[in-house]
Amino acid sequence: MNTSALITMLVSELVIIAFTAFFFVKILTIPPKAEPDSYSENDEEQR
Amino acid sequence: MTLKTKESWGSRVGLVLAMAGNAVGLGNFLRFPVQAIQNGGGAFIIPYFVCFLLMGIPLLWIEWSSGRFGGKWGHHSTPFILDSMDKRSFWKYIGVFGIFTNLAVAAYYCYLESWTLSYMYHSLAGSFMGQSADTVSQFFIDYVSLVHGYEPVLFWLVCLVMNTWILSRGLSGGVEKAAKIGMPLLILFGILLAIKGVTLKAGSEGAVYDGITGLNFLWTPDFSTIWTPKVWLAAAGQIFFTLSVGMGSIQCYASYVRSKDDIALNAMSAGWMNEFVEVVLGSSILIPIAIGYLGIDTVIEMTKNGGLGLGFRTLPYLFTQWGPLLSAMAGFAWFCLLFFAGITSSLAMGTPCMGFMQDEFGWSRSKSAWAFGAAILVLGLPTVLFFNEGVFDEYDYWAGTVSLVVFALFETILFAWVFGIDKGWHEINQGADIKIPVFFKYVIKYVTPVFLGAVFIGSLPDLAKKIIDVSNPYVVGARLLLLGVFLGVSYLVYIAYKKRIKEGRFAS
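Residues numbered from 1 in each chain as written. Chains lettered and ligands numbered in written order. Predicted model: local features only at pLDDT ≥ 70, side-chain atom pairs only at ≥ 80, totals over all residues. Heavy atoms only, no water.

Colleague: Where do I start with the overall build of chain B in this structure?
Modeller: In terms of regular secondary structure, chain B is built from 23 helices and zero strands. A compact globule built from 508 residues should have a C-alpha radius of gyration of about 23 Å, and chain B, at 22 Å, falls within 12% of that. Seen along its three principal axes, the alpha-carbon backbone of chain B occupies a region of about 70 × 50 × 50 Å. Relative to its full complement of 508 residues, chain B shows a buried share of 62%. Partitioning the intrachain contacts of chain B with sequence separation of at least 6 by distance along the chain shows that 84% fall at a separation of at least 24. Of the charged side chains in chain B, 33 are positive and 31 negative; the average position of the first set lies 12 Å away from that of the second. (Helix = DSSP H or I, 4+ residues; strand = E, 2+ residues; numbered from the N terminus. Rg over C-alpha atoms; globule rule 2.2 N^0.38 Å. Buried < 20%, exposed > 50% of the residue type's maximum accessible area, 1.4 Å probe, protein only. Contact = heavy atoms within 4.5 Å. Lys, Arg positive; Asp, Glu negative; His and termini not counted. Charge placed at Lys NZ, Arg CZ, Asp CG, Glu CD.)

Have a look at this one:
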């Protein structure tokens, strides 16, 4: 690959991967809000 | 306050995956790479990112927060979500777009989805092995011309029943489960095919060029194009269509989120996941493999009419060069990936229609789902029977292009200027798990409407050409049918409005 193509691709893809991972990890790690919340799967464990 | 609803999301991850699945469609793999090579290669990513930042992200927040706001008053479809934001009658009829678009797009999209099912079957059955490139290409032409008898109709019906059945299982039991299975598999198959595409070596498995040659071609920036309006219009259009904004399905999904729960981070996560699938995976499969076998000039020629032909007519043949086992696996993975991309989107199209019938006419979930299925059957039949006569493309143009832009433009004006940006900004930030830069408040108020206005104005010459062209009776018939659907949905909204007044059911 030529240098400009390689740089454009790597910068674009790394930025996207970083943001995607950052936001998704936040979704997975932020504790749920107090019940009643919008999600039904954690209803039992919250009671 | 949040009015009680029988439906709810099972988990936050499930909601984000369902929203990402709604956004990720066949266009991520078939449209984006073609748009990139036609509009400056790697340089296309600059207007693309700018449009994502100034139009895509703001629209995601507008739709998520409008949906959650409407959900507070028990509304799960755009006519009454918009009505809850401003009481002038006009807005609920603008909200009709949010049901009409879903019905009309689902009608032809389910047919497209059914092709992927059929091609999955044919890949596993080895139907393309030992065939010439022309024969494999002709297979697709014969398929949509119904030369193969009723096979396309059968796969279409299977696809329709599958969608309807999943919808009848509800949000957490159907849509969310499908997204939790479909999205990880889609990403896995995408990564496997991308690795195979990028590592393709000239001289092995019949390839003429390295896969890297294709990647190099796609990503080499041509900065001379960067100030061309056509390139900016293409980038804005791509961002617009890839995020599934302007349809009413995001509002519907978000209407099941409570006021105190986050939408700002959810919207970001789903939006960036779509970008990952589109830019990282979408750029690494179709073009590298196609150029590896066909060369740059042939691929440029073949993509002049979009990526659909390359995906369905050419790729199945190229896979056969990898031997019987790998060919079957690659074909299955490619069409399964497209199938998951499609079904997670078509399910999102069903929920606003179902939400409307449940909210306004007290229908059960199951009854609404099967009614939606029946409506798609009736509306979709012309696209199956008269594909070659241009009915499919006509649906795509009016419902899948024009309606989206018109609706997004109006909803942005409503949110930023009628509902008011201060209230709107408060809605976006309520319960937010991230701090949104205040810069976006001004972007939503000034920049996003201008961007959308530019996209709309840019589409006017095409629109004018379409309207005056009445030479094809099938196309005119399709247009009238769509107009009838729009008027029919408007009438239902009118009845629902009168019913609400009679029953004193306006909570907002």
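There's plenty left to go through after this.
Colleague: Where do I start with the interface of chain A and chain B in this structure?
Modeller: Across the contact, 28 residues belong to chain A and 40 residues belong to chain B. Interface area lost by chain A to chain B is led by A:Ile16, A:Ile27 and A:Tyr39, which between them contribute 22%. Linking chain A with chain B are two salt bridges, by the criterion used here. A salt bridge links B:Asp433 to A:Lys33, with the shortest nitrogen-to-oxygen separation between them at 3.3 Å. The interface formed by chain A and chain B holds 14 residue pairs in polar contact (both at pLDDT 80 or more) in total. (Buried area = accessible area lost by both parts, 1.4 Å probe. Salt bridge = Lys/Arg side-chain N within 4 Å of Asp/Glu carboxyl O. Polar contact = N/O pair within 3.5 Å; in protein donor to acceptor, adjacent residues only side chain to side chain.)

Colleague: How should helix H17 (residues 308-320) of chain B be read in this particular structure?
Modeller: Since one α-helical turn is 3.6 residues long, residues separated by three or four positions face the same way. All names here are of chain B. Over its 13 residues, H17 runs 19 Å from end to end, which matches the ideal 18 Å to within 8%, given 1.5 Å per residue. Approximately 45° is the largest bend angle found in H17, and it occurs at Thr-314, with the proline Pro-316 only one to four residues beyond. Within the sequence span of H17, burial applies to Leu-310, Gly-311, Phe-312, Thr-314, Leu-315, Pro-316, Leu-318, Phe-319 and Thr-320. (Expected span 1.5 Å × (residues − 1). Bend = angle between axes of the 7 residues up to and from the residue.)

Colleague: Explain the pattern of salt bridges here, please?
Modeller: Pairs can form between side chains of opposite charge once their charged atoms are near each other. A full pass over the atoms with the stated rule returns 18 salt bridges over all chains. Residues B:Lys180 and A:Glu41 are paired through a salt bridge, measuring 3.2 Å at the closest nitrogen-oxygen approach. In this pair, B:Lys180 is assigned in helix H10 (residues 171-198) and A:Glu41 in the loop between helix H1 (3-29) and helix H2 (43-46), connecting two distinct chains. The partly exposed category is assigned to B:Lys180, whose relative accessible area is 30%. We classify A:Glu41 as partly exposed; its relative accessible area is 48%. Residue B:Lys87 pairs with B:Asp83 through a salt bridge whose shortest N-O separation is 2.7 Å. In this structure B:Lys87 comes out as partly exposed when scored by relative accessible area, which is 45%. For B:Asp83, a relative accessible area of 1% puts it in the buried group. Through salt bridges that share partners, A:Lys33, B:Arg12, B:Asp262 and B:Asp433 make up one connected network.

Colleague: Whenever I open this one, the environment of B:Leu218 confuses me. Can you help?
Modeller: In this structure, B:Leu218 sits in helix H11 (residues 211-219). Taking C-alpha positions, B:Leu218 is 6.3 Å from B:Gly42, a pair spaced 176 residues apart along the chain.

Colleague: Teacher, can you tell me more about the side chain of A:Ser38 here?
Modeller: When you line up the elements, A:Ser38 lands in the loop between H1 and H2. Only 2.7 Å separates the side chain of A:Ser38 from the backbone nitrogen of B:Arg258, close enough to count as a polar contact. Of note is the side chain of A:Ser38, whose polar atom sits 2.4 Å from the side chain of B:Asp261. Setting aside its immediate chain neighbours within four residues, A:Ser38 contacts B:Ser8, B:Trp9, B:Tyr256, B:Val257, B:Arg258 and B:Asp261.

Colleague: Which parts of the structure should I look at to understand the packing of aromatic side chains?
Modeller: Each aromatic ring pair is summarised here by two numbers: the centre-to-centre distance and the angle between the ring planes. All names here are of chain B. Throughout the structure, instances matching the rule amount to 49 aromatic pairs over all chains. Between the aromatic rings of Trp-9 and Tyr-253, the centroid separation amounts to 4.9 Å while the plane-to-plane angle is 80°, which identifies the pairing as edge-to-face. Taken together, the positions of Trp-9 in the segment before helix H1 (12-23) and Tyr-253 in helix H13 (residues 249-254) put the pair 244 residues apart, joining distant regions of the chain. As far as burial versus exposure is concerned, Trp-9 and Tyr-253 are alike and both buried. For the pair Phe-90 and Trp-91, a centre-to-centre distance of 4.9 Å together with 70° between the ring planes defines the contact as edge-to-face. Cluster of aromatic residues (ring-pair linked, three or more members): Tyr-108, Tyr-111, Trp-115, Tyr-119, Phe-128, Phe-139, Phe-140, Tyr-143, Phe-312, Phe-335, Phe-387 and Phe-392. A cation over an aromatic ring shows up here: Lys-466 above the ring of Tyr-397, its NZ or CZ 4.9 Å from the ring centre. (Phe/Tyr/Trp six-rings, centres within 6.5 Å; stacked < 30°, edge-to-face > 60°. Lys NZ or Arg CZ within 6 Å of the ring centre and 35° of its normal.)

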